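Inside the fold
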Amino acid sequence: MALRPNRDPSRRIASSPTRPLLRRHAGIAVVLALYLVLGVIYSVVTPIFEASDELWHYPFVKHLADGNGLPVQRADSVGPWRQEGSQPPLYYAVGAALTFWIDTDDMDAVRRLNPHVDMGIITADRNVNMAVHGEAERWPYRGTVLAVHIVRWASVLLGAVTVLAGYLLARTIWPDDVPLAVGAAALTAFNAMFLFVTASVNNDALVIALSAVALWRIVAAVARPPTHVEWAALGLLLGLNAITKASALAMLPLAGLVIVLNAVRHPTSSAPTARPFSWRTLLTAGALVGIPALFVAQWWYWRNWRLYDDPLGLNAFVAIVGARSPVPSLRQLAAEWKGFVMAYWGFFGGVNVPAPEWVYTALNALGGLGLLSAPLYVWQAWRRGRLDDATGTTRALQLGLIALWPAAVFVALIRWTLMTIASQGRLMFPALTALSLLMAMGLSALLRWRRVPRSLRRVPLALAVSVMFVVAALLPWITIRPAYVPPPLLSASDLADLEAQGVTPAHATFGEVASDSGRVELLGYRIAPTVVAPGEAVAVTLYWRGLQTMEHDWSVFVHLVGANDIIIGQRDVYPGQGTYPTSMWAPDDAFADTYVVPVSPTALTPTEATVEVGLYRLDTGERLFLLHTGDARPRDSLRLGRIVLPERTVDGIPNPTHLNLGGEVALIGYSLDRTAAAPGETFHLTLYWEALADLDTNYSVFTHILGEEQRLWAQDDGWPLDGDAPTATWRQGQRIVDPYALTVAADAPPGVYELEVGMYDASGARLSLLGPGGHVQDTRIVLGRVRIAAP
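What you see as residue numbers is a count from 1 along each chain, following the sequence as written. Restriction of local features to residues with pLDDT of at least 70 applies here, the model being predicted, together with a cutoff of 80 or more for giving and counting side-chain atom pairs; totals for whole chains, interfaces and linings are based on all residues. Side-chain measures here rest on the full set of heavy atoms in the structure, leaving out hydrogens and waters.

Section: the packing of aromatic side chains
To pair, rings of Phe, Tyr and Trp, with the six-membered ring standing in for Trp, must have centres within 6.5 Å; the planes then decide the type, stacked if under 30 degrees apart, edge-to-face if over 60, and tilted in the middle. Taken as a whole and judged by the stated rule, the model has 25 aromatic pairs. Judged by centre distance (5.7 Å) and plane angle (85°), the rings of Tyr91 and Tyr92 are edge-to-face. Tyr92 shares its class with Tyr91; the two are buried. Ring plane angle 80° and centroid distance 5.0 Å describe the contact between Trp139 and Tyr141, whose orientation is recorded as edge-to-face. Placement of a positive charge over a ring is assigned whenever Lys NZ or Arg CZ falls within 6 Å of the ring centre and within 35 degrees of the normal to the ring plane. Over the ring of Trp216 we find Arg217; its NZ or CZ atom is 4.6 Å from the centre of that ring. Directly above the ring of Phe702 sits Arg766, whose terminal nitrogen or CZ lies 4.0 Å from the centroid. Exposure categories follow from relative accessible area, calculated using a 1.4 Å probe and restricted to protein chains: below 20% of the type maximum is buried, above 50% is exposed, and the middle band is partly exposed.

Okay, structure coming up:
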């Protein structure tokens, strides 16, 4: 069967056979060498378990390395691998094969979780570490630390495969444009987020590499019919990809498309009467690709079907990680674009360690300019006659595949993001080599004009590569490493000068009443500012000193306590902004620890609040007590300075805010006559609404006082103004003053309760609360808390 005619000379990679291999490919050799150096730096600088989901990926590796079978996922019995146990197992099996000889029984001791970590949140006071780090992680590596680093270095090598595949992809389409191929490979290699992912324990490293190689071979198959062996190798690649990550199945239609193109453009007979479409090519190539792919991967999807009634196993994955609720519209999903793009260029840790803002500005400008200008490169090639002949048609088809693959990955990602929160640009990396090639084409085309000297034509691409390299080289040292550094210890001279530095003395000792062990001293504090508005923050700096070795990890709480002892701001963390738990303190260690406490954006004004601090055990709720106070009853917290929230009224609207419900209505303010009531008494609440658009739907307003297990203890639902102002009559800009009375149930127990409001339609579907940019946050507005007193 004539599946392989003579090669078109223009398809060959331009090079002289007499030149040494390294000289002919010096550019890509340099890029690969720099990538490997950067990859090792990222793998060493990033503390273990602080890379994307590594906290859960590695336990899967260990589970297999210890000789256990594949985990069976159950939402009511979640292993340390959490949702990652639902992933296809190839990457984890490779990691297990590399590390099975290492004694990793110390994993639980090394993998100490930070229970207060702010994952997916950018904070002003860090607390970004997902794990607690100690001396065991230092060189020379041993046990679990060694195993993690070995798998990380294997991931770095997989990243090198991706970079090389990107180079070969560009040379396949544009064989005469070597600088373009080197530049495209460099845009991949020096992407800081790609370096971060491929320097971690993460199955993305393997799926990205396999996808890059498969894309190269698929694109190459457009230029000439592959041999039987090449078709079978492509099938093997697709099968391996499918048992690395389920999202790789999106590449199967792309492979099917290139098989059809071969059947259309390359009939099996060379006779003049050959038909334009060859069923024999279609069936032969389909079998050669499909059989190896099925042989390698089918068992995994059959297993999922039997275990979870879902061949992809996504229902088990989502049951553990959590389904997205409420499900946003596509328009609302677009509000997550900024974070999505940040996670394409570099958003580290648990999506909580951002790069400096200038990094995103520069890379967005260069990357966006490259993508938007890519058609210009194609147009220039057409003007030069490089797309006119049969070779040009081949290139056009290849470029179509290059554009189609990122689009397919993006569509699949949107579907996944609607199921669970996953708006991260790094999930586009299976198509990274295609995107980098398109960017490189666009940047190469900007100055590619006859009047521009040849020496200047590559400046935009060279500039982009240089910027990305500098950024990638800097970020481990200016962003990643500082995020996990423990606080510096204070010297004796520092402690002697505390009052001169504006620190208010406290000299309070916390400890266990029934024990002489585990005592700490609060030396002093600073609070700034002392006058704030709702939505702002208070920075509380506490000066701690360990008096004795502490066996347990005690959490610090810093509360802003308002009227009726209602908390209007709260920060609970391990000391050292998450990095220095009390079990690591040595006697006489002293340090300053700053807690940035956000004030509730809906806090009722005017009011005053005090700062309350203390320590407790998260697992038991036990608190340390203040010692040597002389109080008849020991206190478990210390109240410090006072915070003032002045009255806020704007245009006659008290407690102004702007809380967007579904893009249709905004709550622009409210008033509440009291924050405490006894059973049988009534809270009088007034809501101030503004229509954001002309409405044609009648919504009911709900106002609830909620206790434990979402039980209602007071409720007043109905159309606005008792039905006199139905929302279907509201017009854009119209404002409504809407009063409600919530009478507390007679049997309500004493305690603190939530006050929530919102709107729902006739079917009971609630309007979603939208954050900045339209990001879906909830289906209710929590105005704050109220206290129900004893009768």
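That shown, we press on.
Digging into the environment of Ser444
Along the chain, the position of Ser444 falls in helix α18 (residues 432–445). Between the C-alpha atom of Ser444 and that of Pro140, which follows or precedes it by 304 residues, the distance is 45 Å. Setting aside anything within four residues of it in sequence, one finds Ser444 in contact with Leu180, Tyr377, Arg457, Arg458 and Leu461. In terms of polar contacts, Ser444 uses its side chain to reach the side chain of Arg458, at 3.3 Å. Helical segments are the DSSP runs of H or I of at least four residues, strand segments are the runs of E of at least two, and each set is numbered from the N terminus. Every residue pair with non-hydrogen atoms within 4.5 Å of one another is taken to be in contact. Pairs of N or O atoms are called polar contacts if they sit within 3.5 Å, as long as, within protein, a hydrogen donor faces a hydrogen acceptor (for residues adjacent in sequence, only side-chain-to-side-chain pairs).

Quick notes on the packing of helix α7 (residues 178–189) against helix α19 (residues 459–480)
Every axis corresponds to a line fitted to the C-alpha atoms, with the helix fit spanning only the stretch in contact, and the corresponding angles, defined between N-to-C directions, vary from 0 to 180 degrees. Where α7 meets α19, the axes come as close as 9 Å, and the angle between the chain directions of the two elements is 25°. Between α7 and α19, the crossing angle belongs to the class labelled roughly parallel. Like other packed secondary-structure pairs, α7 and α19 cross with a definite hand, here left-handed. Contact residues: Pro179, Leu180, Gly183, Ala186 and Leu187 in α7; Leu461, Ala464, Val465 and Met468 in α19. Charged means Asp, Glu, Lys or Arg here, nonpolar means Ala, Val, Leu, Ile, Met, Phe, Trp, Tyr, Cys or Pro, and polar covers whatever is left, Gly included. A class-by-class count of the residues in the contact of α7 with α19 yields eight nonpolar, one polar and no charged. Note on terminology: angles under 35 degrees are roughly parallel, angles over 145 are roughly antiparallel, angles of 65 to 115 are roughly perpendicular, and the others are oblique. For a crossing to be left-handed, the near helix must be turned anticlockwise from the far one by less than a right angle; the clockwise case is right-handed.

Here's the deal with a nonpolar patch on the surface
Patch membership needs two things, relative accessible area over 30% and no salt bridge, and members are linked within 9 Å if like-charged or within 5 Å if nonpolar (Val, Leu, Ile, Met, Phe, Trp, Tyr). The Shrake-Rupley method, run with a 1.4 Å probe, gives the accessible areas here. Residue values count only the displayed protein chains as cover. Here, a salt bridge means any side-chain nitrogen of Lys or Arg that lies within 4 Å of a carboxyl oxygen of Asp or Glu. On the surface, a nonpolar cluster with roughly 490 Å² of combined accessible area is contributed by Trp358, Val470, Leu474, Trp477 and Ile478. When residues of the nonpolar patch are assigned to their parent elements, the largest contribution, four residues, is made by α19. Topologically, Trp477 is positioned in helix α19. Exposure remark for Trp477: the relative accessible area of 46% places this residue in the partly exposed category.

Considering the sheet that holds strand β26 (residues 781–788)
The five strands are arranged β18-β26-β23-β20-β21 in an open sheet whose pairing can be described as mixed. The sheet is open, and its two borders are formed by β18 (676–677) and β21 (712–715), each paired with just one other strand. Between any two strands, pairing holds if DSSP finds at least two bridges.

A closer look at the confidence of the model for the protein
Per-residue confidence from the predictor is reported as pLDDT, a score between 0 and 100. Per-residue confidence for the protein gives a mean pLDDT of 92, with 95% of residues at or over 70. Segment residues 1–16 is flagged for pLDDT under 50; beyond a separation of four residues in sequence, or across chains, it makes 35 contacts in the model. Confidence drops under pLDDT 50 across residues 267–274; counting only partners more than four residues distant or on other chains, this segment forms twelve contacts.

What to know about helix α3 (residues 54–65)
Helix span is expected to be 1.5 Å times the residue number reduced by one. Taking 1.5 Å per residue, twelve residues should reach 16 Å; α3 reaches 16 Å between its end C-alpha atoms and fits that length. The buried count for α3 comes to twelve of twelve residues, which makes it a mostly enclosed element. Where α3 is concerned, the buried positions are Glu54, Leu55, Trp56, His57, Tyr58, Pro59, Phe60, Val61, Lys62, His63, Leu64 and Ala65. Packing partners of the buried residues in α3 comprise α4 (90–99), α5 (107–110), β1 (112–113) and α6 (143–173).

Here we look at the pairing of strand β11 (residues 607–616)
Extensive coverage of β11 is indicated by the burial of nine of its ten residues. Summarising the sheet, strand β8 (residues 555–561) and β11 pair through seven bridges and their orientation is antiparallel. Bridge pairing in β11 links Val558 to Val613. As defined by bridge partners, β11 adjoins strand β13 (residues 638–645) across six bridges and the pair is classed as antiparallel. Along β13, the bridge assignment pairs Ala609 with Ile643.

As for the layout of surface pockets
Note on definitions: the grid is 1 Å and covers protein atoms alone; a cavity is a set of points where a 1.4 Å probe fits but cannot get out; a pocket is an open set with protein on both sides within 12 Å along at least five of seven lines; lining residues have an atom within 4 Å of a point. Grid points are joined across faces, edges and corners, and a volume is the space filled by probe spheres set on the points. Each pocket or cavity is described by its volume, and for the second largest pocket that value is around 750 Å³. Along its surface, the second largest pocket is lined by 22 residues, and His133, Gly134, Glu137, Arg138 and Tyr484 are the ones closest to its centre. Grouping the constituent residues of the lining of the second largest pocket by class yields twelve nonpolar, six polar and four charged.

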